[in-house]
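The chain contents come next:
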Amino acid sequence: MAEVMSEGWTGTHVEKMKKKKKPPKRYWEETENTDRSQRPEEEQTKAGQNQNKSTVQEKSLKRKNEESLEKKDPFPGEAPIPHKQLQKFQRGKKCKVPAGAREKLKEAIAFSESMSEHAQKQAARYDLLLPEDAGFLEGDEDEDTNTISQDDIADAVDITSGSKYFNLHLSQFGPYRLDYSRTGRNLLVGGKKGHVACINWQTKDLMCEMNVMETVNDVKWLHTEAMFAVAQKRWLYIYDSKGVELHCVKKFNDVLRMQFLPYHFLLATASATGFLQYLDVSVGKEVAAICTKTGRLDVMAQNPHNAVIHLGHSNGTITLWSPNQKEPLVKMLCHRGGVRSLTVDKTGTYMVTSGLDRKLKVYDIRAFKPLHSCFLPAGASCLSLSQRGLLSAATGDIVQVYQNVLGSSPVSKPYMAHRLRGQIWGLAYCPFEDVLGIGHGEGFTSMIVPGAGEPNFDALDSNPYRSHKQRQEWEVKALLEKIQPELIGLDPGQLSKVDQASFEQKHKEQVEALGFDPLAKDKFKPRNKKKGRSSAGAIEKRKRKVAHEDQRDEIRQTVQERTEREKELKEKSKEKKLENKSTLDRFRK
Amino acid sequence: MKVKVLSRNPDDYVRETTRDIQRVPRNYDPTLHPFEVPREYTRALNATKLERVFAKPFVASLDGHRDGISCITKHAKSLSTVISGACDGEVKVWNLPKRECLRTIQAHEGFVRGICSRFCGTSFFTVGDDKTIKQWNSEAPGYGVREEPINTILGKAVFTGIDHHQRESTFATCGQTVDIWDEQRSSPIRSFSWGVDSFSCVRYNPVETELLASCASDRSVVLYDTRESAPLRKVIMQLRSNTLCWNPMEAYYFTCANEDYNLYTYDIRHLDVPVTVHMDHVSAVLDVDYSPTGREFVSASFDKTIRIFPKDKGHSREVYHTKRMQHVICVRWSADNKYVLSGSDEMNIRLWKANASEKLGLLSTREQAAANYNKKLIEKFQHHPQVKRIARHRHLPGDILKQKRELREMREARRRKEKNVRKHSKPGSVPLLTEKEKHVVAVVE
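Here the structure is a predicted model, which is why all the values come from computation and not from measurement.

Some words on the environment of Thr243(B)
Residues and elements named next belong to chain B.
- Turning to its location among the elements, Thr243 is positioned in strand 19 (residues 241-246).
- For the pair formed by Thr243 and Leu263, sequence separation is 20 residues and the distance between their alpha carbons is 9.9 Å.
- Contacts of Thr243, omitting those with residues within four sequence positions, involve Cys201, Cys215, Thr255, Cys256, Ala257, Leu286, Asp287 and Val288.
- Within the structure, Thr243 has its side chain in polar contact with the side chain of Asp287 (distance 3.3 Å).

Okay, here's the thing in structure tokens:
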């Protein structure tokens, strides 16, 4: 390059321009070029054998070339990042500089854009350092993966993983509901006939076991492993991990299903009386109680992306709820018969439902449109989606796991299947593990589903290996950034968007907040004058002087404009007339 | 059959010994971090609240003067030294970290009107009501030796202010005229006057060092070049300016503290309209000083408060007051950009933090990172009504609040009246004037 520059400087201006127009060299081009340059050199050396005088110079040239080759970086610039990875960390669209923006604003936008791009690149680069890979299961040739039994899988994998397939034979207190804690370390099972137990399922340590001597409808962990909620026959109870009853919440009666919103510290309950209630577990207050007026609520799911609660009803509709609104946010008709089960994926994009019409449907819940549906002969009583998008469906006493459901292609055959004894009552994937927990009439089964769990956890969010101290630290942090229930809505990113409320709307809100209209004009009050000048007639006259002042101004202006325009038109037409005069016009009168 | 199941080795995730730090593997995948915006908003709200909780700006009070403080100056070289003059002619040299008085000099009879430190820091000058300029050594004399000035100049009239040149051994005083002095001579090199009888403040430009600005009692701010024989130009305002200060980084801007409760930032290239009008005080502004970064300035007012303004904002970001602080006469921003010093009528010098909620002392990197993160969060969500309300709230003494409301009412009434006058007079005869244009009467070249 230096040579080129020096040549350019010594040459004329026109030459310089020509040099500049050359496209910049790329590393692949350079290698070609050097190859090319070497070839004539070789020829030269051949020729040089005849001319001994010039050989010394050529040798030095060659050495120079070799040196430059050594110095060149074969991969110049930053390492490229795959587009897919970059896409993963894209947040929103890029901000465009509005036309006619000021210099300061332009700079600010450019700066913030560059910063976010930098952050995105850094995050995408970090993906390379993630330690674990996801699991998988592949059959041999002409072997269906769904014919592989759990025993075979447990034998094929290492001992610790193999021990993740186990059965708990609990036939006495029959069908079981279950819940995994957010870190995936602990398991909570609740039998219909009152048996509640929490287990560290990996070490198989029993933390507590009891019989509440009442029907148990649902069990749910709260924000940590220290507390869980049990929906019993009449009321909602909260126990600690030792099994000590902490609270009996009598405001929450006949609860059938529960969902815990971990970032809001809200326990949402759906009851047999048709009430959807929210309990703030950090302060112990009822946040909202909504009468859904749709009868018994026994199908419930949460959208982990925006904390909206989905309820399925016996008339085939699904309703979406937030605690801020007494009416459903969305009401969609999904099935011909009643809705049996539903689940939402973690990105909040897809919802999978099953109904009494024995259909399994996948919806895009950003557009509220069905993507595809399939017919399951037995119908699915329970549905669950794993972190990596595997769908498990309980059809009778068989659990089927489907792959690639969340896409546009329809469901074909199951990825895995497992037969159990007794009716299936609860299904849940263990977070960060390749494990599916199944609660059924004969107890509990932990099933290995390779490729179900997210391989790399974020320790600041939920760390399965956290120590006691780390848990305490996390709890304080989580409580500090507890999201207020008012912020629950369909779009969780709403807060970061520009509030483009119209003037009327803003004004309306202001009036509501202040209790009066700050822009309202106070009525004209004529001053009281003496000596009979404040007679009713005189006051009326004075009032009339100032009445409709704005309108009068406007009218005056428009009239003025109109007269001006008319004047212009007249003048124009006059000019036209003058132009069109013919010689005979002079005889006109 | 090929199968792989997630199986983590706990050794990779748990620390080896209890002496290690905990392992915190991260995964920045956005799907693992839902509610990004609401959580960030909650953090921002918390940060804003904590900022107000920790806003304890008052650091120390230096007492010892036996009369109201009339002037303060920073030492040119030493961060920890401050020199103050009182209304009884006493000058004290303070050590800030120890919060003690190092020296006391009975410098003048009557007021000490101005103090300035020489650029090298070896001596400082004082002017007083006794028509003298005295130069003092920065070093205290030995034990038992009387405090004597190095040099005393007897002037013809009372001096009201003094400022030293940035590099050379000349200084400027103001009184009935603006005089430029050489340190070696007992009479001024040059005297400037422009048909006015007295000046209240004179300041050298910190960058264009031959340039001077002064506030005159005929409501004008006058600019001089010491290389010329006559003043350059002046701008006449509605009311008198008390003091002015040059922006140290963009030295074509200066800000003057006016009697009409406002401060005005001028660009010396366009004196006809101030760049910004800073309003928030409810009484005459007595002193102003820029931060060394030139981003903000602090003003002292007769309404017993000091306020900190961003240089390009019309309203203050901070107001400091205490029950015991009376009319604040003088104020200075420390050279490390961390503290503000105020001297008031009731004989105390007060030391304030420039950033009210800042933690003093050495910060660990994590503390620093957290503080930076919080600052950024507050900046990001500053326009949200909840955050804005908390961040803007300042407690004000009752009478100031009352005066503030009164002033607002008066302004509103004036605006209404003007509107009515405009409505009932010939169109164009009553021009619409912006707030900036209102206060400038004329610019004289």
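That shown, we press on.
A few points about the nonpolar core
Residues and elements named next belong to chain A.
- Judged by nonpolar contacts, the single largest core of 32 residues is most densely connected at Leu276, Tyr278, Ile309, Leu311, Ile318 and Met351.
- Looking at this core, the elements that each hand over two or more residues are strand 12 (266-271), strand 13 (275-280), strand 14 (285-291), strand 15 (299-302), strand 16 (309-312), strand 17 (317-321), strand 18 (330-333) and strand 19 (339-344).
- In this structure Ile309 touches Gln259, Leu261, Ala268, Leu276, Tyr278, Met300, Ala301, Gln302, Thr319, Leu320 and Trp321, once residues within four positions along its chain are discounted.
- With 24 residues, the next largest nonpolar core counts Ile148, Val157, Leu390 and Val399 among its residues.

Thoughts on the pattern of salt bridges
- A complete count under the given rule lists 50 salt bridges over all chains for this structure.
- Put simply, Glu475(A) and Arg471(A) hold a salt bridge, and the shortest N to O gap is 3.5 Å. With a gap of four residues between them, Glu475(A) and Arg471(A) both fall in helix 9 (residues 468-480), about one helical turn apart.
- Between Asp129(B) and Arg113(B) there is a salt bridge, with its nearest N and O atoms 2.8 Å apart. Linking Asp129(B) in the loop between strand 8 (123-128) and strand 9 (132-137) with Arg113(B) in strand 7 (residues 112-117), this pair joins segments that are 16 residues apart in sequence.
- Residue class for Asp129(B) comes out partly exposed when judged on its relative accessible area of 24%.
- The structure contains a network of salt bridges with shared partners spanning Arg182(A), Asp461(A), Glu481(A), Arg39(B) and Arg43(B).

Let's talk about the sheet that holds strand 21 (residues 359-364) of chain A
All names here are of chain A.
- Ordered by their spatial adjacency, four strands build an open sheet running 19-20-21-22, and the pairing between neighbours is antiparallel. Among the strands making up the open sheet, the edge pair consists of strand 19 and strand 22 (369-375). Going across the sheet, the axis of each strand differs from the next one's by a mean of 20°, ignoring polarity.
- In terms of strand pairing, strand 19 meets strand 20 (residues 350-355) through five bridges, oriented antiparallel. Bridge pairing in strand 20 places Val339 opposite Gly355.

Quick notes on the UniProt feature "repeat: WD" (unreviewed entry) in chain A
- Here, the residues flagged by UniProt with the feature "repeat: WD" (unreviewed entry) are residues 332-373 of chain A.
- Taken end to end, residues 332-373 of chain A is 0% helix and 60% strand, and its two terminal C-alpha atoms sit 16 Å from one another.

Quick look at empty space enclosed by the protein
- Counted under the stated rule, the structure contains two cavities of 30 Å³ or more.
- A volume near 40 Å³ is recorded for the largest cavity.
- If you go around the largest cavity, the residues you meet are Phe125(B), Ile133(B), Lys134(B), Gln135(B), Asn151(B), Ile153(B), Phe171(B) and Glu183(B).
- Contributing elements (two or more residues each) for the lining of the largest cavity: strand 9 and strand 10 (151-154) of chain B.
- Quantified by volume, the second largest cavity comes out at close to 30 Å³.
- As for the second largest cavity, its lining consists of Leu130(A), Pro131(A), Asn456(A), Phe457(A), Tyr13(B), Pro25(B) and Arg26(B).
- Tallied by class, residues from the lining of the second largest cavity come to five nonpolar, one polar and one charged.

Focus on the UniProt feature "domain: Sof1-like protein" (unreviewed entry) in chain B
- Following the UniProt record, one finds the feature "domain: Sof1-like protein" (unreviewed entry) at residues 354-440 of chain B.
- The annotated region residues 354-440 of chain B carries 62% helix and 1% strand content, and the separation between its end C-alpha atoms amounts to 31 Å.

Details of the packing of aromatic side chains
- Under the criterion given, the structure shown has 24 aromatic pairs over all chains.
- Measuring from ring centre to ring centre gives 5.9 Å for Phe159(B) and Trp181(B), while their planes differ by 75°; the resulting arrangement is edge-to-face. Highlighted residues: Phe159(B) in the loop between strand 10 and strand 11 (161-164) and Trp181(B) in strand 13 (residues 178-182), separated in sequence by 22 residues. Just as Phe159(B) is buried, Trp181(B) falls in that class too.
- Look at Phe171(B) and Trp181(B): their rings are 6.2 Å apart centre to centre, the planes differ by 5°, and that puts the pair in the stacked class. Here Phe171(B) is found in strand 12 (residues 170-174), whereas its partner Trp181(B) is found in strand 13, with ten residues between them in sequence. Both residues of the pair, Phe171(B) and Trp181(B), belong to the buried class.
- Site record: aromatic cluster; members linked through ring pairs are Trp221(A), Phe228(A), Tyr237(A) and Tyr239(A).
- The side chain of Arg466(A) reaches across the aromatic face of Trp474(A), ending 4.8 Å from its centre.

Things to note about the packing of helix 1 (residues 36-53) of chain B against helix 3 (residues 385-392) of chain B
Residue and element names in this part refer to chain B.
- Where helix 1 contacts helix 3, the axes come no closer than 9 Å and their chain directions differ by 10°. Here helix 3 runs roughly parallel to helix 1, going by the angle between their axes. Residues Tyr41, Leu45, Thr48, Lys49 and Arg52 of helix 1 form the contact with helix 3, whose participating residues are Gln386, Val387, Ile390 and Ala391.
- The residue inventory of the contact of helix 1 with helix 3, partitioned by class, reads five nonpolar, two polar and two charged.

Some words on the UniProt feature "repeat: WD" (unreviewed entry) in chain B
- Under the UniProt annotation, "repeat: WD" (unreviewed entry) lies at residues 62-104, 278-309 and 321-362 of chain B.
- Helix makes up 0% of residues 278-309 of chain B and strand 56%, with an end-to-end C-alpha separation of 8 Å.

Here's the deal with the interface of chain A and chain B
- Chain A puts 63 residues into the contact, and the matching count from chain B is 36 residues.
- Of the roughly 4,600 Å² buried at the junction of chain A and chain B (both faces included), carbon and sulfur atoms supply 58%.
- The largest per-residue losses of area from chain A upon contact with chain B belong to Tyr465(A), Glu481(A) and Leu495(A), which jointly make up 14% of the total buried on that side.
- Applying the counting criterion to the chain A and chain B interface returns eight salt bridges.
- Contributions of two or more residues to the side of chain A that touches chain B are made by helix 6 (103-126), strand 1 (136-138), helix 7 (150-156), helix 8 (159-162) and helix 9 of chain A.
- Of the residues that constitute the side of chain A that touches chain B, the class distribution is 28 nonpolar, 15 polar and 20 charged.
- Relative to strand 1 (residues 2-4) of chain B, strand 1 of chain A runs antiparallel, the two sharing three bridges.

Observations concerning the sheet that holds strand 28 (residues 435-440) of chain A
Residues and elements named next belong to chain A.
- Overall, antiparallel pairing links the four strands, which are arranged 2-29-28-27 in an open sheet. Taken across any chain shown, the strands that pair with only one partner, and hence form the sheet edges, are strand 2 (166-169) and strand 27 (424-429). Put simply, the sheet's adjacent strands are angled 15° from each other on average, direction ignored.
- Summarising the sheet, strand 28 and strand 29 (residues 443-448) pair through six bridges and their orientation is antiparallel. Looking at the pairing, Leu436 lines up with Met447 of strand 29.

Rules behind the numbers
- Residues numbered from 1 in each chain as written.
- Chains lettered and ligands numbered in written order.
- Predicted model: local features only at pLDDT ≥ 70, side-chain atom pairs only at ≥ 80, totals over all residues.
- Heavy atoms only, no water.
- Helix = DSSP H or I, 4+ residues; strand = E, 2+ residues; numbered from the N terminus.
- Contact = heavy atoms within 4.5 Å.
- Polar contact = N/O pair within 3.5 Å; in protein donor to acceptor, adjacent residues only side chain to side chain.
- Core = buried A, V, L, I, M, F, W, Y, C linked by side-chain atoms within 4.5 Å.
- Buried < 20%, exposed > 50% of the residue type's maximum accessible area, 1.4 Å probe, protein only.
- Salt bridge = Lys/Arg side-chain N within 4 Å of Asp/Glu carboxyl O.
- Pairing = 2+ DSSP bridges.
- Axes fitted to C-alpha atoms, helices over the stretch in contact; angles between N-to-C directions.
- UniProt positions renumbered as here; feature names shortened; annotations may be inferred.
- 1 Å grid on protein atoms, 1.4 Å probe; cavity = no way out; pocket = protein on both sides within 12 Å on 5 of 7 lines; lining within 4 Å.
- Points joined across faces, edges and corners; volume = space filled by probe spheres on them.
- Nonpolar A, V, L, I, M, F, W, Y, C, P; charged D, E, K, R; others polar.
- Phe/Tyr/Trp six-rings, centres within 6.5 Å; stacked < 30°, edge-to-face > 60°.
- Lys NZ or Arg CZ within 6 Å of the ring centre and 35° of its normal.
- Parallel < 35°, antiparallel > 145°, perpendicular 65-115°, else oblique.
- Buried area = accessible area lost by both parts, 1.4 Å probe.

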